[in-house]
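Below, each chain spelled out in residue letters.
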Amino acid sequence: MSAGGGALLVVGDVVTDIVARHRAPLAPGTDTAAAIRAVPGGAGANVASWAASWGCGDVRILGRVGADSAAWHEEALARAGVRPRLVVDPEAPTGTVICLVDGGAGAERTFLADSGASQRLSADDWSAGLLDGVGWLHLSGYLFFAGASRAAAGAALASARARGVPVSVDPASAGFLTDLGVDRFLAATDGVDVLLPSEGEARLLTGVPDLADAAVKLSRQFPSVVVKRGAAGALVARSGEVRAAVPALPTVPRDSTGAGDAFTGAFLASRLEGAGLCEAAAEGCRAGALAVERVGGRPPLPGSTAC
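The sections below set out a description of the structure shown in this document. (Residues numbered from 1 in each chain as written. Predicted model: local features only at pLDDT ≥ 70, side-chain atom pairs only at ≥ 80, totals over all residues. Heavy atoms only, no water.)

**As for the sheet that holds strand β11 (residues 224-228)**
Test applied: Here, strands pair whenever DSSP counts at least two bridges between them. Numbered from the N terminus, helices here are DSSP runs of H or I no shorter than four residues, and strands are runs of E no shorter than two. Residues are treated as being in contact if the distance between any of their heavy atoms lies within 4.5 Å. Note on method: axes are straight lines fitted to C-alpha atoms, helices fitted across the in-contact stretch only, with angles between N-to-C directions ranging 0 to 180 degrees.
Strand order in this open sheet of nine strands is β5-β4-β1-β8-β9-β10-β11-β12-β13, and the pairing throughout is mixed. Either end of the sheet is taken by a strand with one partner, and the two such strands are β5 (82-89) and β13 (241-246). Along the sheet, helix α2 (residues 70-79) contacts β4 (59-66) and β5; its crossing angle with β5, the most-contacted strand, is approximately 170°.

**Focus: helix α7 (residues 211-218)**
Formally: Only protein chains enter the accessibility calculation, which uses a 1.4 Å probe; a residue is then buried when its area is under 20% of its type maximum, exposed when over 50%, and partly exposed in between. Contacts described as polar in this section are N or O atom pairs within 3.5 Å, which, within protein, must combine one atom able to donate a hydrogen with one able to accept it, while residues neighboring in sequence count only if both atoms come from side chains.
Every buried residue of α7 is accounted for by Leu-211, Ala-214, Ala-215, Val-216 and Leu-218. Buried residues along α7 sit in contact with β10 (194-195), α6 (199-206), β11, β12 (234-238) and β13. At the N-terminal boundary of α7, the capping side chain belongs to Asp-210, with an oxygen 3.2 Å from the backbone nitrogen of Ala-212.

**Focus: the pairing of β13**
Relative to β13, β12 is paired through five bridges, and the arrangement is antiparallel. Residue pairing for β13: Val-236 is matched across the bridge by Ala-244. Between the end of β12 and the start of β13, which pair antiparallel, lie two residues, with Ser-239 showing a positive phi angle near 50°.

**So, the pattern of salt bridges**
Heads up, the condition is: By convention in these notes, a salt bridge is any Lys or Arg side-chain nitrogen within 4 Å of a carboxyl oxygen on Asp or Glu.
If you walk through the whole model with that rule in mind, you get twelve salt bridges. Taking the shortest distance from any N to any O, the salt bridge between Arg-64 and Asp-125 comes out at 2.8 Å. One end of the pair, Arg-64, is in strand β4; the other, Asp-125, is in the loop between β7 (109-114) and β8 (134-140), with 61 residues separating them in the sequence. A relative accessible area of 11% places Arg-64 in the buried class. In this structure, the salt-bridge partner of Glu-199 is Arg-229, at a minimum N-O distance of 3.7 Å. Taken as a pair, Glu-199 in helix α6 and Arg-229 in the loop between β11 and β12 lie far apart in primary sequence, 30 residues in all. On the accessibility criterion, Glu-199 (23% relative accessible area) is partly exposed. Residue classification places Arg-229 among the partly exposed positions, given a relative accessible area of 27%. Here the salt bridges do not stand alone but share partners, grouping Arg-64, Asp-89, Glu-91, Arg-120 and Asp-125 into one network.

So yeah, pure geometry; function would need other evidence.
And the structure:
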């Protein structure tokens, strides 16, 4: 299965990230020095932005935000080359994620998430007409962790299947997957063409500790599976067989926030241009390496310098 061109439509979360990079261990009960920034984020919005930066000429996103920052997020997405369709929630504020980033060599992060308006996206916000001109639909995994947004994801998936549009899903969060339940997630994503889990998510979804075996098992339910392994690269499986282990690129990490989203965005942009699974996964690894060298989950804007 490969895409035949057209636009990329992302349905997913648009949130505000508060990124706090600290070099010393967190000190309970007192202060820990940190560099703190507020930046636009959200897995869905990050994927869309990276796909646009990777050469996809028509990237669209459907998401739900609060009135408190709707204009800021819309402007940020437009500047990134994404065509936003943001539903403004009359009650809930925009989702916020606090990203605690260890400034050590691994730049690992811990998230505190308030989904806010993002998980209030509903089936009423979806229209089959949103797929006009679309060659690929990507659903952020965060949609599946609340009733309203899960219904919206289901409506989008059904519309895409009716039109023969390929669909991908990134499971997004092992913690939220555990809360929802693996069986419910797998049932909700039935019919998805490409699954893009992390290592931990792949093991959780299968109950299989060996990663290659987990990828194989998942590829018997989803036609194509690409397991994102961070500094270890990616594992590609299709139709019950591991097809490739794609190496990562060497990098000096500053902030791993959004690295998986960067991988997904570049992977999808490459697939829409006709790249095969392994070639697209290699492009994903390239984008992931660039992402960890930056603070925040988005690519650099045209004309900007690295931050």
